[in-house]
Amino acid sequence: MPGARWFTGAKLNYAEHLVGTDEDLDRVAVVARSQTRPPREVTFGELRDLAGRVRAGLQRLGVKPGDRVVAYMPNIPETLAAFIATASLGAIWATCAPEFGARSVVGRFGQIEPRVLITVGGYGYRDRYVDRRAEVEAIRARLPTLEHVVSVPYGEAMVSDSVAWEDLTAESAPLEFDQVPVDHPLYVLFSSGTTGLPKAIVHGHG
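Below is a short write-up of the structure. Everything numeric in this text was worked out from a predicted model, so none of it was measured.

Before going further, it helps to examine the overall build of the protein. What the protein contains, in helices and strands, is five helices and 13 strands. The globule rule puts the C-alpha radius of gyration for 206 residues at 17 Å, and the 17 Å found for the protein is close to it. Burial status across the protein gives 46% buried among its 206 residues. Pairs at least 24 apart in sequence give 70% of the contacts found in the protein among residues at least 6 apart. Carbon and sulfur atoms provide 52% of the accessible area of the protein, an area that totals close to 10600 Å². For the protein, the separation between the mean place of its 22 positive charges and that of its 25 negative charges on side chains is 7 Å.

Pairs can form between side chains of opposite charge whenever their charged atoms are close. Enumeration over the complete set of coordinates arrives at 15 salt bridges. Here Arg 115 and Glu 147 are joined by a salt bridge, their closest N and O atoms 2.8 Å apart. Taken together, the residues span a long stretch of sequence, with Arg 115 in the loop between helix 3 (102-109) and strand 6 (116-120) and Glu 147 in the loop between helix 4 (133-141) and strand 9 (148-152) at a distance of 32 residues. Through salt bridges with shared partners, one network takes in Lys 64, Asp 67, Arg 115 and Glu 147.

A word on helix 4. Every buried residue of helix 4 is listed here: Val 136, Ile 139 and Arg 140. Buried residues in helix 4, looked at end-on, bunch into an arc of 95 degrees, giving them a common side. Facing away from the buried side of helix 4 by over 90 degrees, the exposed positions are Ala 134 and Ala 141. Looking at the buried positions of helix 4, the neighbouring elements they touch are strand 4 (68-72), helix 3, strand 6 and strand 9.

With phi around 55 degrees, Arg 126 is a residue other than glycine that occupies positive phi space. Here Arg 126 shows up in the loop between strand 7 (122-125) and strand 8 (128-131). In this model, Asp 161 sits at a positive phi of 50 degrees, which is unusual for a non-glycine residue. Turning to its location among the elements, Asp 161 is positioned in the loop between strand 9 and strand 10 (163-164). Residue class for Asp 161 comes out exposed when judged on its relative accessible area of 66%.

Cut-offs applied
Residues numbered from 1 in each chain as written. Predicted model: local features only at pLDDT ≥ 70, side-chain atom pairs only at ≥ 80, totals over all residues. Heavy atoms only, no water. Helix = DSSP H or I, 4+ residues; strand = E, 2+ residues; numbered from the N terminus. Rg over C-alpha atoms; globule rule 2.2 N^0.38 Å. Buried < 20%, exposed > 50% of the residue type's maximum accessible area, 1.4 Å probe, protein only. Contact = heavy atoms within 4.5 Å. Areas by Shrake-Rupley, 256 points an atom, 1.4 Å probe, with all protein chains shown as cover. Lys, Arg positive; Asp, Glu negative; His and termini not counted. Charge placed at Lys NZ, Arg CZ, Asp CG, Glu CD. Salt bridge = Lys/Arg side-chain N within 4 Å of Asp/Glu carboxyl O. Arc of directions from axis to C-beta.

Note that every value here comes from positions in space, so none of it alone points to a role or purpose.
Now the structure itself:
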């Protein structure tokens, strides 16, 4: 229904509903399995703490409501925490898996003019490590709006000239949630791009 507006005047934050309640702090929120590092479980309390730290780090980098934060990341707990932190600020999230080549990533991220890129340097696949630092550098070179690149440790390769994940998350801070309108952009998904550039699909907090 083009042009329709829902729940005008109401405010919320999607991320607030991802982190459980105070009664859930010791419950497992994420069960992580990977070919790159040992198995891991993350409680709701740990997820809240990490997301609060990422939120504070993004604020130090100058991220504001409406800014775009993008991730060249696998599906790991750090990615979830970064998404929660981004959404909590009213900033807008988009992601591509590190299996994507630089051209495919730029075809997506280039449309939304991100300020911050969060990335790994590579990932494990079966019995080998796949180094993606060359792709990260190519992506970075072709996104002129990027102001910061954050490097998440995941296997042996680390991205140079970047903000270390340890520094981004160094400051403990409460996880707060900026209340935004129902149609405030939450994240951008993309079509496959089989008939031209991938098409951006914007989802709101509601």
